[in-house]
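Commentary on secondary and tertiary structure
So the chains spell out like this:
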Amino acid sequence: MYDLIIIGAGPGGLTACLYALRSRLNVLLIDKALPGGYLAQILELENYPGFEVISGFELAEQMVKQLEKYNYQFKQLDVEKIEKNNRSWDVISGQQRVTAKALIIATGSSPRKLGVEGEQEFIGKGVSYCGVCDAPFFRNKEVVVIGGGNTALEEAIYLTKFANKVTIVHRRQGLRAEKILEDRARENEKIKFILNAVCTKISGAKTVEQINIEDVNTGNQEIIKTQGVFIFVGMDPQTKFLNGLLETDKAGNIISDKNLAASEQGVFVCGDCTDIALRQVITACGQGAIAAHSVNKYLES
Ligand code: NAP
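This report concerns the structure included in the present document. (Residues numbered from 1 in each chain as written. Predicted model: local features only at pLDDT ≥ 70, side-chain atom pairs only at ≥ 80, totals over all residues. Heavy atoms only, no water.)

What follows deals with the pairing of strand 15 (residues 228-231). Burial along strand 15 is two-sided: Gly228 and Phe230 and Val229 and Ile231, pointing in opposite directions, are all buried. Across two bridges, strand 8 (residues 127-128) lies against strand 15 in parallel orientation. Its bridge partner being in strand 15, Val127 is matched across the sheet by Val229. Here strand 9 (residues 142-146) runs beside strand 15; their pairing, made up of four bridges, is parallel. Across the sheet, the residue bridging to Val144 is Val229, located in strand 15. (Buried < 20%, exposed > 50% of the residue type's maximum accessible area, 1.4 Å probe, protein only. Helix = DSSP H or I, 4+ residues; strand = E, 2+ residues; numbered from the N terminus. Pairing = 2+ DSSP bridges.)

Structure (structure tokens):
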């Protein structure tokens, strides 16, 4: 029986683990992949205090290194469900079952699908959700980025290191991204914007060759020749495994109180799987610290 199991080893989960270990709790950290979560895929962070710029991978590595000092316990498990068990919680993955007095859900979010014809078919054949992973395959090619948020602009700028031309297709006139990123993208000669347009189809023979776009104001259709389509249209919380056990909003974000307690006793939350107003590495870390503190108080009571 652990005092605490933290599900998800992104920045929120890693911070919660650090605080819980320093409170001398018996903690198990679980993730379906290696620790770091989505943070490890972020190209460069320019707004994490103390670092003018740091890669997400490096920051994640340093967070893990800090935990190693405390001999933290980590298990790679794809959690299928959690079950209430009198005054404790079971975390289940296949035949494996681990139990704790309290849980912190820190499962983060994953890239949202666009949901257009051809998207699924061409994943790995030109359709990508990760610039840092796939950009080198598009050296001297032309690619399209879909979305107008921070991720879309950051990734578009990164893609210009490899591709000859990057076309950002965004469904509105105004971008959602921070102004500083917009300015940087507009100053980049390799980036072109197509605004007020949506992608309606992705097609090709064996790999992506073109996309269809539609002007949202006029309905005009256009074909854009491209070898790659990078989709950054937001993130969805990874909370399906909870199967309705905890109260969530419509989008699946877990609802919690100011102490980050979820709707079931002994379950706390942090990071991108919550209904937090600002999704940032720093806010996930802040919530991780609060969640661990709340667990400590809960266990003492
Ligand atoms: P986001 O901020 O939610 O932006 C998603 C973008 O995709 C929006 O421009 C949205 O258009 C567009 N979109 C959504 N659904 C669409 C659809 N079906 N078809 C076409 N376009 C669609 O998502 P994100 O950029 O992935 O960022 C997620 C969170 O991480 C945000 O809170 C963001 O601030 C944060 N983040 C921060 C940084 C940073 O601080 N440097 C970097 C990356 C991410 P509309 O604008 O019209 O809604």
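On to the state of the cysteines, then. Tallying each qualifying case throughout the model produces one disulfide. Each sulfur of the disulfide joining Cys130 and Cys133 lies 2.0 Å from the other. What sets the handedness of the Cys130 and Cys133 disulfide is the S-S torsion sign, and at about 75° it is right-handed. Since its relative accessible area comes to 8%, Cys130 is described here as buried. Looking at the unpaired Cys270, the closest cysteine sulfur is the one in Cys273, lying at 6.6 Å. We classify Cys273 as buried; its relative accessible area is 0%. (Disulfide = S-S within 2.5 Å.)

Below, the discussion takes up the site of the ligand. For the ligand, the set of nearby residues contains 18 residues, the closest of which are Asn47, Glu154, Arg171, Arg172 and Arg176. Gly148 places a polar main-chain atom, nitrogen or oxygen, 3.1 Å from an oxygen atom of the ligand. A distance of 3.1 Å separates an oxygen atom of the ligand from a polar side-chain atom of Asn150. It is helix 4 (residues 150-159) that provides the largest number of residues to the shell around the ligand, a total of three residues. Lining the shell around the ligand are residues from two domains, each supplying at least three of them: domain 1 (2-110 + 235-300) and domain 2 (113-231). (Near = heavy atom within 4 Å. Polar contact = N/O pair within 3.5 Å; in protein donor to acceptor, adjacent residues only side chain to side chain. Domains from an automatic or database assignment.)

A large share of strand 5 (residues 88-93) lies buried, amounting to six of its six residues. Burial of strand 5 is two-sided: the residues Ser88, Asp90 and Ile92 facing one way and the residues Trp89, Val91 and Ser93 facing the other way are all buried. Across five bridges, strand 4 (residues 81-85) lies against strand 5 in antiparallel orientation. Directly across from Ile82, in strand 5, lies its bridge partner Val91.

Our next topic: the nonpolar core. Counting 57 residues, the largest nonpolar core has Ile5, Ile6, Ile82, Val91, Ile104 and Ile105 as its most contacted members. Secondary structure elements with two or more residues in this core: strand 1 (2-7), helix 1 (11-22), strand 2 (27-31), helix 2 (56-68), strand 5, strand 6 (96-105), strand 17 (267-269) and helix 6 (281-300). Those residues in contact with Ile105 that sit more than four places away from it in its chain are Ile7, Ile82, Phe241, Leu242, Leu246, Ile254, Val267, Phe268, Val269, Cys270 and Cys273. With 24 residues, the next largest nonpolar core counts Ala163, Ala177, Leu181 and Phe232 among its residues. (Core = buried A, V, L, I, M, F, W, Y, C linked by side-chain atoms within 4.5 Å. Contact = heavy atoms within 4.5 Å.)

As a further point, take helix 5 (residues 179-187). An α-helix turns once every 3.6 residues. As a result, residues three or four positions apart point the same way. Residues of helix 5 that are buried include every one of Leu181, Glu182 and Ala185, and no others. Looking straight down helix 5, one finds that the buried residues subtend no more than 100° of arc, so they occupy a single side. Turned more than 90 degrees from where helix 5 packs its buried face, Lys179 and Glu187 sit exposed. Against the buried residues of helix 5 lie helix 4 and strand 11 (191-194). (Arc of directions from axis to C-beta.)

Here the focus is the layout of surface pockets. Put simply, the second largest pocket is a space of about 190 Å³. Of all the elements, helix 2 adds the most residues to the lining of the second largest pocket, at five residues. Looking at the lining of the second largest pocket residue by residue, the classes come out as eight nonpolar, three polar and no charged. (1 Å grid on protein atoms, 1.4 Å probe; cavity = no way out; pocket = protein on both sides within 12 Å on 5 of 7 lines; lining within 4 Å. Points joined across faces, edges and corners; volume = space filled by probe spheres on them. Nonpolar A, V, L, I, M, F, W, Y, C, P; charged D, E, K, R; others polar.)

With respect to the element layout, Ala20 can be found in helix 1. As for Ala20 and Ala291, which are separated by 271 residues in sequence, their C-alpha atoms are 9.2 Å apart. Once residues within four sequence positions are removed from consideration, Ala20 is found in contact with Leu4, Leu25, Val27 and Ala292.

Taken together, the three strands give an open sheet; going across it, the order is 12-13-14, and neighbouring strands pair in antiparallel fashion. The open sheet has two free edges, formed respectively by strand 12 (197-204) and strand 14 (221-225), since each of these has just one partner strand. Geometrically, the sheet is characterised by an average inter-axis angle of 25° between neighbouring strands, direction not taken into account. Taken together, the seven bridges between strand 12 and strand 13 (residues 208-215) define a ladder with antiparallel strand orientation. Within strand 13, the position partnered with Ala197 by the bridge is Asp215. (Axes fitted to C-alpha atoms, helices over the stretch in contact; angles between N-to-C directions.)

From the geometry alone we can't say anything about function, so treat these as descriptive.
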